[in-house]
Amino acid sequence: EELGKFLEDNKMISDIEVKKEADYVELTFNDSILFESAKANIKPAAKEMLETLSVELKKLTQNHIRVEGHTDNVPIKTAIFPSNWELSGARAIAVLRYLVEEKGMDPKAISAEGFGEFTPVATNETVEGRAQNRRVQIKIISQYVTDIK
């Protein structure tokens, strides 16, 4: 609730979908907000959004933060990204590194994962579905789950 209010107060609620699950809160960014197509460099305007969000994320010292990258199933094969796994991982790591290196988040409290095209939330048969599948998610894991070792 607090995070939703924070996003609303900072006029980010239209850019970030917030979903509460039993063990985590999930923030979903459409990849076009954060990245250009087939790239893993965060857009300058997205850095401003992440900077604002980092203020709230840094308060969550009892939680683990996991940044997840996802793609659609359109194959990518470049020298930098031989598959969607590399692209999704590079995007998650780019967000993680920005939050740690530029915004001072604790590197022990954050991790990154690349899922490639293998966890779609919509069909890859339509343009709209593929757009939904290209996303970065920040999951704020419950401290009760985090405490289980």
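Residues numbered from 1 in each chain as written. Predicted model: local features only at pLDDT ≥ 70, side-chain atom pairs only at ≥ 80, totals over all residues. Heavy atoms only, no water.

(A) Summary view of the sheet that holds strand S4 (residues 110-114). Strand order in the open sheet made by the five strands is S1-S2-S5-S3-S4, with mixed pairing throughout. Every other strand in the sheet has two partners, leaving strand S1 (16-20) and S4 as the edge strands with one partner each. Pairwise comparison of adjacent strand axes, ignoring direction, gives a mean angle of 20° for this sheet. Bridging between strand S2 (residues 24-30) and strand S5 (residues 135-141) involves seven bridges; their strand directions are antiparallel. What sits directly across from glutamate 26, in S5, is lysine 139. Packed on one face of the sheet, helix H1 (residues 2-9) meets S1, S2 and S5 and runs near 30° to S2. (Pairing = 2+ DSSP bridges. Helix = DSSP H or I, 4+ residues; strand = E, 2+ residues; numbered from the N terminus. Axes fitted to C-alpha atoms, helices over the stretch in contact; angles between N-to-C directions. Contact = heavy atoms within 4.5 Å.)

(B) Broad picture of the nonpolar core. The biggest cluster of nonpolar side chains holds 29 residues, and the ones touching the most others in it are Leu27, Phe29, Leu53, Val95 and Ile138. Contributions of two or more residues to this core are made by H1, S2, helix H3 (44-57), strand S3 (64-70), helix H4 (84-102) and S5. Per-element accounting of this core gives the leading share, seven residues, to H4. (Core = buried A, V, L, I, M, F, W, Y, C linked by side-chain atoms within 4.5 Å. Buried < 20%, exposed > 50% of the residue type's maximum accessible area, 1.4 Å probe, protein only.)

(C) Here's a closer look at the side chain of asparagine 124. Mapped onto the elements of the fold, asparagine 124 is located in the loop between S4 and helix H5 (127-133). When its relative accessible area of 13% is taken as the criterion, asparagine 124 is described as buried. In this structure the side chain of asparagine 124 is engaged in a polar contact, spanning 3.4 Å, whose partner is the backbone nitrogen of asparagine 73. For asparagine 124, the residues in contact, after removing those within four places along its chain, are Asp72, Asn73, Arg130 and Asn133. (Polar contact = N/O pair within 3.5 Å; in protein donor to acceptor, adjacent residues only side chain to side chain.)

(D) How the structure looks around the side chain of arginine 91. Tracing the sequence through the fold places arginine 91 in helix H4. For arginine 91, the side chain forms a polar contact with the main-chain oxygen of glutamate 36, separated by 3.1 Å.

(E) Up close: the pairing of S4. Here five bridges tie S3 to S4, and the two strands are oriented parallel to one another. By the bridge assignment, glutamate 68 is partnered in S4 with glutamate 113. For the crossover that starts at S3, traverses H4 and ends in the parallel S4, the hand is right-handed. (Right-handed = clockwise from strand over helix to strand, strands pointing away.)

(F) Layout of the pairing of S1. Looking at chain direction, S1 and S2 are connected through five bridges and run antiparallel. Residue pairing for S2: valine 18 is matched across the bridge by leucine 27. Adjacent in sequence and paired antiparallel, S1 and S2 are bridged by three residues.

(G) The arrangement of the packing of H1 against H3 in detail. Look at H1 against H3: their axes get within 11 Å of each other, and the N-to-C directions meet at 150°. Put simply, H1 runs roughly antiparallel to H3. For H1 against H3, the interelement crossing comes out right-handed. In this structure, H1 contributes Leu3, Phe6 and Leu7 to the contact, and H3 contributes Thr52, Leu53 and Glu56. (Parallel < 35°, antiparallel > 145°, perpendicular 65-115°, else oblique. Left-handed = near helix turned anticlockwise from the far one by under 90°.)

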